Amino acid sequence: MAAAGLWRRLCQGSAFPVNYASRIMGRQCFLPNNDLMGVRLARSYVDTQEHKSNPLVSISDEPETLYKRLSLLVKGHDKTVLDSYEYFAVLAAKELGISVEKVHRPPKKIERFTLLKSVHIYKKHRVQYEMRTHYVCLELKHLTGSTAAVYLEYVQRNLPEGVAMEVKKTKIETIPEHIQKPVCDTLPQAEETQVKS
Amino acid sequence: MAAPVAARALRAVPWSRSCVPAALGARRDLHATPACLKTRAARVRVGKGDKPVTYEKAHAPHYIAHRKGWLSLHTGNLAGEAGAAERTVEDVFLRKFLYGTFPGCLANEVVLKRRANLLVVCLVLVQSLAPSKLYFLIGYAETLLSHFYKCPVRLEVQTVPTKVIYKYL
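This text gives an overview of the structure that appears in the document. Residue numbering note: each chain is counted from 1, following its sequence as written. Naming scheme: in the order in which they are written, chains are lettered from A and ligands are numbered from 1. Whole-chain, interface and lining totals are the exception, using all residues; otherwise, since this is a predicted model, local features are given only for residues with pLDDT of at least 70 and side-chain atom pairs are given and counted only at 80 or more. Excluded from the side-chain calculation are hydrogens and water; included are all heavy atoms of the structure.

Some words on the interface of chain A and chain B
Applied cut-off: Residues are treated as being in contact if the distance between any of their heavy atoms lies within 4.5 Å. Joining two parts hides part of their accessible area as seen by a 1.4 Å probe, and the buried area is that hidden amount summed over both. What counts as a helix is a DSSP run of H or I of at least four residues, what counts as a strand is a run of E of at least two, and both are numbered from the N terminus. Throughout, the ten residues Ala, Val, Leu, Ile, Met, Phe, Trp, Tyr, Cys and Pro are labelled nonpolar, Asp, Glu, Lys and Arg are labelled charged, and all others, Gly among them, are labelled polar.
Contact residues are listed per partner, giving twelve residues for chain A and twelve residues for chain B. Summed over both sides, the interface between chain A and chain B buries roughly 1,100 Å², with carbon and sulfur atoms accounting for 60% of that surface. Sorting the residues of the side of chain A that touches chain B by element identifies strand S1 (66-76), strand S4 (126-144) and strand S5 (163-172) of chain A as the ones contributing at least two each. Broken down by element, the side of chain A that touches chain B gets its largest block of residues, three residues, from S4 of chain A. Residues of the side of chain A that touches chain B, tallied by class, amount to five nonpolar, four polar and three charged.

So, helix H3 (residues 84-101) of chain B
Threshold: A helix is expected to reach a length of 1.5 Å times the quantity of its residues less one.
If you check H3 of chain B, its first and last C-alpha atoms are 26 Å apart, about what 18 residues at 1.5 Å a residue would give, namely 26 Å. Tucked inside the fold, the buried residues of H3 of chain B contact strand S2 (72-73), strand S3 (111-115), strand S4 (118-126), helix H4 (131-149) and strand S5 (153-160) of chain B.

Quick word on the packing of H3 of chain B against H4 of chain B
Residues and elements named next belong to chain B. Formally: All axes here are fitted lines through C-alpha atoms, helices being fitted over the stretch that makes contact, and every angle between N-to-C directions spans 0 to 180 degrees. When describing relative orientation, an angle under 35 degrees is termed roughly parallel and one over 145 degrees roughly antiparallel, while 65 to 115 degrees is termed roughly perpendicular and anything else oblique. Crossings are assigned a handedness: left-handed for a near helix turned anticlockwise from the far helix by less than a right angle, right-handed for a clockwise turn.
Between H3 and H4, the least distance of the axes is 11 Å, while the angle of their chain directions is 155 degrees. Classed by the angle they form, the pair H3 and H4 counts as roughly antiparallel. At the point where H3 passes H4, the crossing takes the right-handed sense. The segment H3 lies against H4, with Glu90, Phe93, Leu94, Phe97 and Thr101 engaging Leu137, Tyr140, Ala141, Leu144, Leu145, Phe148 and Tyr149. Its residues assigned to classes, the contact of H3 with H4 comprises ten nonpolar, one polar and one charged.

Points about the pattern of salt bridges
Where charged atoms from two side chains of opposite charge come close, those side chains can pair. The line we're drawing: By definition, a salt bridge exists where a carboxyl oxygen of Asp or Glu is found within 4 Å of a side-chain nitrogen of Lys or Arg. A 1.4 Å probe rolled over the protein chains alone gives each residue an accessible area, and that area as a share of the maximum for its type sets the label: buried under 20%, exposed over 50%, partly exposed in between.
Considering all chains together, one arrives at 14 salt bridges over all chains under this definition. Between lysine 75 of chain A and glutamate 81 of chain B there is a salt bridge, with its nearest N and O atoms 3.1 Å apart. Placement of the pair is lysine 75 of chain A in strand S1 and glutamate 81 of chain B in the loop between S2 and H3, with the two residues belonging to separate chains. What makes lysine 75 of chain A buried here is its relative accessible area of 2%. We classify glutamate 81 of chain B as partly exposed; its relative accessible area is 29%. For the salt bridge of glutamate 153 of chain A with arginine 157 of chain A, the shortest nitrogen-to-oxygen distance reads 3.0 Å. On the criterion of helical spacing, the pair formed by glutamate 153 of chain A and arginine 157 of chain A is a turn pair, its members being four residues apart in helix H5 (residues 145-157). The class of glutamate 153 of chain A is partly exposed, set by a relative accessible area of 43%. Connected through salt bridges with shared partners, the residues Arg87, Glu90, Asp91 and Arg114 of chain B form a single ionic network.

Digging into the packing of helix H4 (residues 79-96) of chain A against H5 of chain A
What describes two packed helices is the angle between their axes and the distance between those same axes. Residue and element names in this part refer to chain A. One can describe the packing of H4 onto H5 by two numbers: an axis separation of 11 Å at closest approach and a directional angle of 150 degrees. One element, H4, and the other, H5, form an angle in the roughly antiparallel class. Handedness of the H4/H5 crossing: right-handed. Residue-level contacts link Tyr85, Phe88, Ala89, Val90, Ala92, Ala93 and Leu96 of H4 to Val150, Tyr151, Tyr154, Val155 and Gln156 of H5. Across the contact of H4 with H5, the residue classes tally to eleven nonpolar, one polar and no charged.

What follows is the structure in structure tokens.
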């Protein structure tokens, strides 16, 4: 309950959409049936009932970490494999209700080198090799820590062979207590007279 | 008569192969490669038509990513990733090991896939051994390689009655 209260306070302060907050309610449970997604009030009731019976779901009182942006950079040698993986990752995000900010393809990087063709002499005859790395960047926004953990685990377990992924998370934190109020308010009035003279 | 007229016309216009009129029958061909160019890498030379060749062997290395795939799939060769040399050494050992474990049975090159910690070895075997012997060899290879490389190794085997011939060279 404390977690839910803290969650509501955070949501009012930040720019999260209202339906997102009411849907998630500070707890994550991976419900396989999607027909309950629309019924918001009933879902919170169902959540509490399901948690008592389902041993896989655990509830903790610590507040959720919030991520402003989750950036997945997927790289591989084969462009078709990357395209199919991007389709899969976007579909998984949509099914879990994660909003995809943008999907863009940074330009490929080609690493080329020229070697001598022969073992001993023949400097004029060389052979050239190249290695191409294609990129696909997936940016997801407004995730909670548990959503991010679930999504990343699912998507990483299904990474095809020969494909690598780099994940960058942008976390949202509350302003530290010592700078919550502007510094000039706390200064004593004597300093103001010194500035005048 | 026609030839000097044609030559004068060609000199007036900036020279390019495309503007040569085909109707005149005059052709200027450019020799871009030296006459004795012979790249021999991973190519089966054309013969009398009696040499059977699989799809993998029939295509030269410049067809990789166009008509051919990769035989060894790992992230070592991607930009910013490490471990390419270790994977290559492992691959060489694996190919030699499998070539020896299944004598005369390999129909095509072995495909190696690395997914996280798991090593998947994909084989296409010719049905020259009895199935019980094949099962034993598969189990033996899996156990030995898992113990050697300290990672789960899975052999995915497909059998085929004879080697699949793509063409005769």
